[in-house]
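The chain contents come next:
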Amino acid sequence: MAQGSSQRVPHRVAVIVDEGTNPFEVGVATELFGLPRPELGLPGPLYEVTLCTPTRVVRMNHGFFSMTGTAGLDAVDSADTLVVPGRPDNVVPRGPEVLDAIRRTHARGARILSFCTGSFALAEAGVLDDRRATTHWMWADAFRELHPRVRLEPDVLFVDEGRILTAAGSAAALDLGLYLVRRDHGAEIANAVSRRLVFAAHRDGGQRQFVERPLPDVPDESLAPLLAWAQERLDEPLTVADLAARAAVSPATLHRRFRTQLGTTPLAWLTGERVALACRLIERGEERLDVVAERSGLGTAANLRVRLRRETGLSPSAYRRRFGTGGGEALVS
């Protein structure tokens, strides 16, 4: 597990639940950040979650139920991360108290996330002006019309703009949440959380929102067997041609299946899996950079440095100091 996990004070997460909020996204936030993780063997939680509302009783989307017993919006003032879920009535202005809570959080430098159409609230508060953001693809045109100063990217899973991160559809909130768990606590813990969720451990934010999944003409087009086969051989010099040969299809057909089923390319998937393996090796204490590069299939220490920094924003040594098990020693080539 990540070095120093037992010494960290839990990261405080506040979730704004406004009138008409979608229950699913509130559930995503509590599932990702609010549940205890005894399987990690840590003495305390990774996060502490507070649900906060502008009124004492808040009716959820379509009136399925009402939420009571929550904190007030002043709870956002002590949060390290603020989560703003979506709601379907996006053209209806948010209450001034909700917008003020978002602006206060932004002004003091805390992290802000929006799930699905929660990006409308961030844009209405003015914190997305001149920034990249995403939202659910069904609401892209309305978003552009209402918030022309935001640089909308409507065909990605999530956008990371540093302190402000926006997820697309409801399920993409899981992708963004796991991405942050990985950034906060390392690949090993993120993988454990994803296993608990029975969800993919890592999908790049640049993958397409709308992934076509037509009924296959033949029953054996699933990529699952091929992915499992490749994951056991990441240390080998696998290429896209090797994957295509294993699947008994042409590289063009394989590329099309990856785009259809995963929303990415075979090469991007393979590289992402190798970087994730390199992260786990570093976290587990491997100090030799060339060994990490070889065992993860990234080839050279130089390529490992480039790929790891691109994926995590950290050098291998910095990653080890933050998440490794063996203390702060630098990795050696």
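Keep in mind the model is a prediction, meaning the values are calculated, not measured.

Chemist: Describe the packing of helix α2 (residues 96–107) against helix α3 (residues 118–125), with residues and values.
Modeler: Look at α2 against α3: their axes get within 9 Å of each other, and the N-to-C directions meet at 75°. With respect to α3, the element α2 is oriented roughly perpendicular. Side by side, α2 and α3 meet where Leu99, Ile102 and Arg103 of the first sit next to Ala121, Leu122, Glu124 and Ala125 of the second. Of the residues that constitute the contact of α2 with α3, the class distribution is five nonpolar, no polar and two charged.

Chemist: How would you summarise the nonpolar core if you had to cite specific residues and measurements?
Modeler: With 35 residues, the main nonpolar core has Leu32, Phe33, Val83, Phe115 and Leu176 as its most contacted residues. Where this core is concerned, the elements lending two or more residues are β1 (11–16), α1 (23–33), β10 (164–167), α5 (170–185) and α6 (187–197). Among the elements that take part in this core, α5 stands out by supplying eight residues, more than any other. Once you skip the residues sitting within four places of it in the chain, Phe115 turns out to touch Glu25, Val28, Ala29, Val83, Val84, Pro85, Gly86, Ala167, Ala168, Ala173 and Leu176. Residues Ala187, Cys279, Ala318 and Tyr319 belong to the second largest nonpolar core, which totals 32 residues.

Chemist: Break down a nonpolar patch on the surface for me, with residues and values.
Modeler: A cluster of nonpolar residues, Val91, Val92 and Leu146, forms a patch on the protein surface that exposes about 250 Å² of accessible area. Mapped onto the elements, Val92 comes out in the loop between β5 (81–84) and α2. We classify Val92 as partly exposed; its relative accessible area is 41%.

Chemist: Can you tell me about the confidence of the model for the chain, naming the residues and giving the values?
Modeler: Summary statistics for the chain give a mean pLDDT of 85 and a share of 88% for residues scoring 70 or more. Taken together, the stretch residues 1–6 has pLDDT below 50 and engages in 21 contacts with residues farther than four places along the chain or on a different chain.

Chemist: Could you give an account of unusual backbone geometry, naming the residues involved and the relevant values?
Modeler: Backbone geometry at His62 places phi at a positive 65°, although glycine is not the residue there. Position of His62 among the secondary structure elements: in the loop between β3 (58–59) and β4 (66–67). Classification of His62 as exposed rests on a relative accessible area of 65%. Here Ala248, not a glycine, exhibits a phi torsion of approximately 60°, which is positive. Position of Ala248 among the secondary structure elements: in the loop between α8 (240–247) and α9 (251–261).

Chemist: Quick one: what's the story with the pattern of salt bridges, residue by residue and with numbers?
Modeler: Under the counting rule described, the total for this entry stands at 19 salt bridges. Between Arg196 and Glu39 there is a salt bridge, and its shortest N-O distance comes to 3.0 Å. Here Arg196, found in helix α6, pairs with Glu39, found in the loop between α1 and β2 (47–52); they are 157 residues apart in sequence, far enough to count as distant. Given the relative accessible area of 37%, Arg196 is considered partly exposed. In this structure Glu39 comes out as partly exposed when scored by relative accessible area, which is 39%. Bridged by salt links that share partners, the residues Asp18, Arg87 and Asp89 form one connected network.

Chemist: If you had to explain α6 to someone new, which residues and values would you point to?
Modeler: With nine of its 11 residues buried, α6 lies for the most part within the structure. Taken as a whole, α6 has its buried residues at Ala187, Glu188, Ile189, Ala190, Asn191, Ala192, Val193, Ser194 and Leu197. In the core, the buried residues of α6 are packed alongside α1, α5, α10 (266–283) and α13 (316–323).

Chemist: Please provide a residue-by-residue account of the sheet that holds β10, values included.
Modeler: The mixed open sheet is built from six strands, whose spatial order is β2-β1-β5-β6-β10-β9. Across the chains shown, the open sheet's two edge strands, defined by having one partner strand only, are β2 and β9 (158–160). On average, each strand axis in the sheet is tilted by 15° relative to the strand beside it, whichever way the strands run. Pairing analysis gives three bridges linking strand β6 (residues 111–114) to β10, with the strands arranged parallel. Note on β10: the bridge partner recorded for Ile112 is Ile164. In this fold α1 packs onto β1, β2, β5 and β6, with an angle of close to 155° to the strand it touches most, β2. The strands that α5 touches are β2, β6, β9 and β10; relative to β10, the one it contacts most, it runs at about 145°.

Criteria and cut-off values
Residues numbered from 1 in each chain as written. Predicted model: local features only at pLDDT ≥ 70, side-chain atom pairs only at ≥ 80, totals over all residues. Heavy atoms only, no water. Axes fitted to C-alpha atoms, helices over the stretch in contact; angles between N-to-C directions. Helix = DSSP H or I, 4+ residues; strand = E, 2+ residues; numbered from the N terminus. Parallel < 35°, antiparallel > 145°, perpendicular 65-115°, else oblique. Contact = heavy atoms within 4.5 Å. Nonpolar A, V, L, I, M, F, W, Y, C, P; charged D, E, K, R; others polar. Core = buried A, V, L, I, M, F, W, Y, C linked by side-chain atoms within 4.5 Å. Buried < 20%, exposed > 50% of the residue type's maximum accessible area, 1.4 Å probe, protein only. Patch = residues over 30% accessible without salt bridge, like charges linked within 9 Å, V, L, I, M, F, W, Y side chains within 5 Å. Areas by Shrake-Rupley, 256 points an atom, 1.4 Å probe, with all protein chains shown as cover. Salt bridge = Lys/Arg side-chain N within 4 Å of Asp/Glu carboxyl O. pLDDT = per-residue confidence, 0-100. Pairing = 2+ DSSP bridges.

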